[in-house]
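Chains, contacts and geometry: an overview
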Amino acid sequence: MTITLPKELRSLEFTELTMVELNDVDIDRLLPHLWELIVKQGRIAPSKTNAEDYDHYLRALAVDSRIEGFDTDQSRKVLDGWLRSSVVRIGAKGRGRSGSNMDYILPLTIASYRAGLPKFRSRHRHAETLVFDLLIDGLQRRGVEAPESNLHERFRHAIGTGVHIGTPATWAATYDGESDIDINALLSLYFLEQFEPASAQDKKRDFRGSAVPGATRELARDLLDYLAAYSGRLTPSAFIDRFAALISLRLFQLPLRVARSTRHLLKTGEKSEDMGDDLTGANPLELYCDFTGVRGSASDELARQCVQRDLEVMRGFLPDRLLLRSLREAVAMLGRRGQEIKALPMADSLVEMVREKDNPLVSAYAVIKMQAIEQETRDSGVGTDEDLDLIARITSSTALSPVEQLTQLLIEGLAGKGLENQIRWFWSTGGVQKPYGLLTGALTSRRSWRYAPSDDLIAALLLVCFTQSDGSRTRPSMPIADLLFQLRARFGILIDRPPAAFDSVDSRAAAAANLEAFKRRLQLLGCFDGLSDDFSAQFVKHPLEAV
């Protein structure tokens with residue numbers, strides 16, 4: 001089938017609902033641009049860097065008076081290898097993947113933004129601006145005055161050791177010349193100084209809030225608690241690693257929670273708990289995570305089934321978001337009423353849009369767009385009689401309202417690309433190829449994916465679970481029952497019990513064995529002694545206290 005859509009209907013993007021563009025994203029790659037937003041307090045600068053001329057920057061570094069021993073061809077090869085392995089990521093150039101260029105500077109310190117890399121921001125899928133906006137919103141909700149400058153200072157303290165940030169004209173980051181810092185971070189700073197800084201431009205930020213604040217505010221809460229509790233207590237590299245892990249997990253969960261809320265809204269016409277004002281409830285997700293590591297075991301299979309369940313949630317999300325996007329565009333037909341709906345907070349706006357689904361003016365909009373799709377298919381030269389018959393069947397269906405008919409045609413035209421892009425978001429934020437991943441398995445085999453957190457992700461989660469009072473203090477230890485509750489209620493992670501949909505005698509037994517495996521993992525991390533068989537007397541130590 002080849003249903004051809006008019007150009008204005010070919011986009012899958014609906015960031016007012018999803019907050020991000022659902023496609024593959026690299027968390028490490030977006031961090032330099034997040035640091036830029038934080039340092040420049042919401043401003044960005046156009047890149048002056050020639051990403052294809054890596055050799056120019058390598059030669060400039062090699063003759064820097066502060067480093068010695070790299071003045072021969074052989075020694076320069078050593079410097080090149082050091083940079084490529086520890087400082088800069090080299091990627092293929094363009095869609096043809098021919099040649100190479102500098103992709104991004106590893107975010108070893110807050111200064112990594114200076115290079116103006118990545119050259120383009122589109123592959124961040126708006127995630128870096130979302131995280132920044134949520135951090136500012138979170139500080140405002142905590143009563144912090146001048147949140148932009150406050151965030152700037154907090155991050156300078158956390159990951160700015162050894163970095164001098166110049167005047168606000170260019171915010172040029174340099175080595176301060178005296179701090180004792182990690183050798184890779186020092187090399188990175190010297191390398192970054194070879195790049196010409198660009199003047200920052202004011203950019204109006206238009207953050208209207210989230211359609212599903214239950215999901216987005218938790219991201220800000222985690223990051224701000226972590227920042228408050230561990231700034232200065234962790235080395236910059238360790239701090240950044242855990243910070244990236246928290247961002248990745250929350251971005252992974254974001255579309256799953258939005259999808260649940262969207263389905264609830266379309267089914268009931270009312271907001272879900274995640275869309276409401278009372279956000280004291282538990283995380284609605286049930287991500288059962290296997291710690292046994294035994295392929296084919298009951299616990300392993302339970303974790304795999306949870307992944308397959310969530311992949312189905314992602315597939316079902318595509319038609320729901322296309323329907324809501326169609327309604328969003330159709331309310332423009334309602335005149336003043338449409339303007340009032342669009343001016344509401346996003347969650348309330350979505351509710352009112354759904355209530356207008358059968359409005360004759362909305363139906364008229366849908367009919368106009370369906371006629372345009374039919375005409376485009378006829379004129380495309382690739383549409384067949386079968387395609388036109390399918391359009392006729394859909395548009396004449398009495399079981400669907402006109403806007404639902406339009407949505408069905410959009411699905412036919414966009415499903416392949418849309419579904420694949422959503423899966424790309426799933427595995428990339430799930431961290432299949434990252435050391436801080438929640439997902440494990442072969443990238444090319446979705447049936448092999450299961451929830452099995454890495455040690456880096458566990459460490460990040462433990463650090464946050466031990467924070468109290470907005471991160472102003474931490475607990476030295478806690479009962480393991482409290483830790484399991486926090487992982488379940490705050491992060492939607494199940495360890496000692498199966499998800500409700502998979503509850504059975506066998507799955508409970510698997511979860512009991514999984515709990516023992518989790519305790520062994522904590523012992524290996526130095527956080528759990530397990531000297532008592534009494535569950536109520538078993539405590540987990542703070543990771544930094546255990547070291």
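Relevant structure appears above.
Let me begin by describing the structure that accompanies this report. Source: prediction; values computed, not measured.

Another point: the overall build of the chain. Tallying secondary structure elements over the chain gives 19 helices and 12 strands in all. A compact globule built from 547 residues would reach a C-alpha radius of gyration of about 24 Å, and the chain, at 25 Å, matches this within 12%. Principal axes of the C-alpha set define a box for the chain whose edges measure 75 × 65 × 45 Å. Across the 547 residues of the chain, 53% fall into the buried class.

Here we take up the nonpolar core. Residues Trp35, Phe155 and Phe191 are the most contacted members of the largest nonpolar core, which totals 173 residues. Here this core gets 16 residues from one element, more than from any other, and that element is helix α9 (residues 236–268). Leave out the neighbours within four places in its chain, and Phe155 touches Trp35, Ile38, Ile110, Leu135, Gly160, Leu227, Phe239 and Phe243.

Omega for the peptide link from Leu117 to Pro118 comes to -5°, which places this bond in the cis form. Looking at the element boundaries, Pro118 is found in the loop between β2 (100–105) and α5 (127–141). Although it is not a glycine, Met19 sits at a positive phi angle of roughly 75°. With respect to the element layout, Met19 can be found in the loop between α1 (15–18) and α2 (27–39). For Met19, a relative accessible area of 10% puts it in the buried group. Residues other than glycine seldom take positive phi values, yet Asp470 does so here, at roughly 60°. Looking at the element boundaries, Asp470 is found in the loop between β8 (467–468) and β9 (473–474). Relative accessible area serves as the criterion here: at 45%, Asp470 is assigned to the partly exposed category.

Judged by how many residues are buried, β2 sits mostly within the fold: five of six residues are covered. With five bridges connecting them, strand β1 (residues 88–92) and β2 associate as antiparallel partners. The partner of Ala92 across the bridge, within β2, is Ser100.

Moving on, we come to the pattern of salt bridges. If charged atoms from side chains of opposite charge come close, those side chains can pair. Following the criterion strictly, the structure yields 43 salt bridges and no others. For Arg328, the salt bridge identified is with Glu16, shortest N-O distance 2.8 Å. Here Arg328, found in helix α10 (residues 298–330), pairs with Glu16, found in helix α1; they are 312 residues apart in sequence, far enough to count as distant. Residue classification places Arg328 among the buried positions, given a relative accessible area of 6%. Across the salt bridge formed by Asp225 and Arg490, the nearest N and O atoms sit 3.1 Å from each other. With a gap of 265 residues between them, Asp225 in helix α8 (residues 213–230) and Arg490 in helix α17 (residues 480–491) connect regions that are remote in the sequence. Residue classification places Asp225 among the buried positions, given a relative accessible area of 3%.

Along the chain, Asn101 turns up in strand β2. The buried category is assigned to Asn101, whose relative accessible area is 17%.

This paragraph deals with helix α3 (residues 54–62). Each turn of an α-helix holds 3.6 residues, which means side chains three or four residues apart point in the same direction. Taken residue by residue, α3 has Tyr54, Tyr57, Leu58, Leu61 and Ala62 as its buried positions. The arc that holds every buried residue of α3, seen down its axis, measures 140°, which confines them to one face.

Okay, the packing of α2 against helix α6 (residues 147–159) next. Contact pair α2 / α6: the axes reach a minimum separation of 8 Å and the direction vectors enclose 125°. Relative to α6, α2 is oriented oblique. Note on element contacts: α6 touches α2 through Glu148, Leu151, His152, Phe155 and Ile159, opposite Trp35, Ile38 and Val39. Partitioned by chemical class, the residues of the contact of α2 with α6 number six nonpolar, one polar and one charged.

Before going further, it helps to examine helix α4 (residues 73–86). Between its terminal C-alpha atoms α4 stretches 20 Å, which fits the 20 Å expected from 14 residues at 1.5 Å a residue. Looking only at α4, the buried set comprises Ser75, Leu79, Asp80, Leu83 and Ser86. Along α4, the residues classed as buried sweep out an arc of 160° about the axis, all on the same side. Of the residues in α4, the exposed ones pointing more than 90 degrees away from the buried face are Asp73, Gln74 and Lys77.

Moving on, we get to the packing of aromatic side chains. Think of a pair of aromatic rings as described by two things: how far the centres are apart, and how the planes are tilted against each other in angle. For the coordinates displayed, the defined rule picks out 15 aromatic pairs. On the basis of an interplanar angle of 85° and a centroid distance of 5.5 Å, the ring pair of Phe155 and Phe243 is categorised as edge-to-face. Placement of the pair is Phe155 in helix α6 and Phe243 in helix α9, with a sequence separation of 88 residues. Comparing Phe155 with Phe243, the two get one shared label, buried. Taking the centre distance of 6.0 Å and the plane angle of 15° together, the rings of Phe239 and Phe243 count as stacked. You can see Phe239 and its partner Phe243 sitting in helix α9, four residues apart, about one turn around the helix.

Bringing the side chain of Ser401 into the picture now. For Ser401, the position within the fold is in the loop between α14 (385–395) and α15 (402–430). Given the relative accessible area of 12%, Ser401 is considered buried. Apart from the residues lying within four places of it in its own chain, the contact partners of Ser401 are Lys357 and Asp358.

The next point concerns the environment of Val367. Counting through the fold element by element, Val367 comes out in helix α13 (residues 360–379). In this structure, the C-alpha to C-alpha distance between Val367 and Phe502, residues 135 residues apart in sequence, is 43 Å.

By the definition in use, this model includes zero disulfides. The structure places no disulfide on Cys306, whose sulfur is separated from the nearest cysteine sulfur, that of Cys289, by 8.3 Å. Looking at Cys465, it has no disulfide partner, and the nearest cysteine sulfur is the one in Cys527, 12 Å off.

Looking now at the packing of helix α16 (residues 455–465) against α17. Two elements in contact, α16 and α17, have axes separated by 11 Å at closest approach and are oriented at 100°. Relative to α17, the element α16 is oriented roughly perpendicular. Seen from α16, the contacting residues are Leu461, Leu462, Val464 and Cys465; seen from α17, they are Leu483, Gln486, Leu487, Arg490 and Phe491. Taken together, the residues that form the contact of α16 with α17 break down as seven nonpolar, one polar and one charged.

The rules behind these values
Residues numbered from 1 in each chain as written. Predicted model: local features only at pLDDT ≥ 70, side-chain atom pairs only at ≥ 80, totals over all residues. Heavy atoms only, no water. Helix = DSSP H or I, 4+ residues; strand = E, 2+ residues; numbered from the N terminus. Rg over C-alpha atoms; globule rule 2.2 N^0.38 Å. Buried < 20%, exposed > 50% of the residue type's maximum accessible area, 1.4 Å probe, protein only. Core = buried A, V, L, I, M, F, W, Y, C linked by side-chain atoms within 4.5 Å. Contact = heavy atoms within 4.5 Å. Pairing = 2+ DSSP bridges. Salt bridge = Lys/Arg side-chain N within 4 Å of Asp/Glu carboxyl O. Arc of directions from axis to C-beta. Axes fitted to C-alpha atoms, helices over the stretch in contact; angles between N-to-C directions. Parallel < 35°, antiparallel > 145°, perpendicular 65-115°, else oblique. Nonpolar A, V, L, I, M, F, W, Y, C, P; charged D, E, K, R; others polar. Expected span 1.5 Å × (residues − 1). Phe/Tyr/Trp six-rings, centres within 6.5 Å; stacked < 30°, edge-to-face > 60°. Disulfide = S-S within 2.5 Å.

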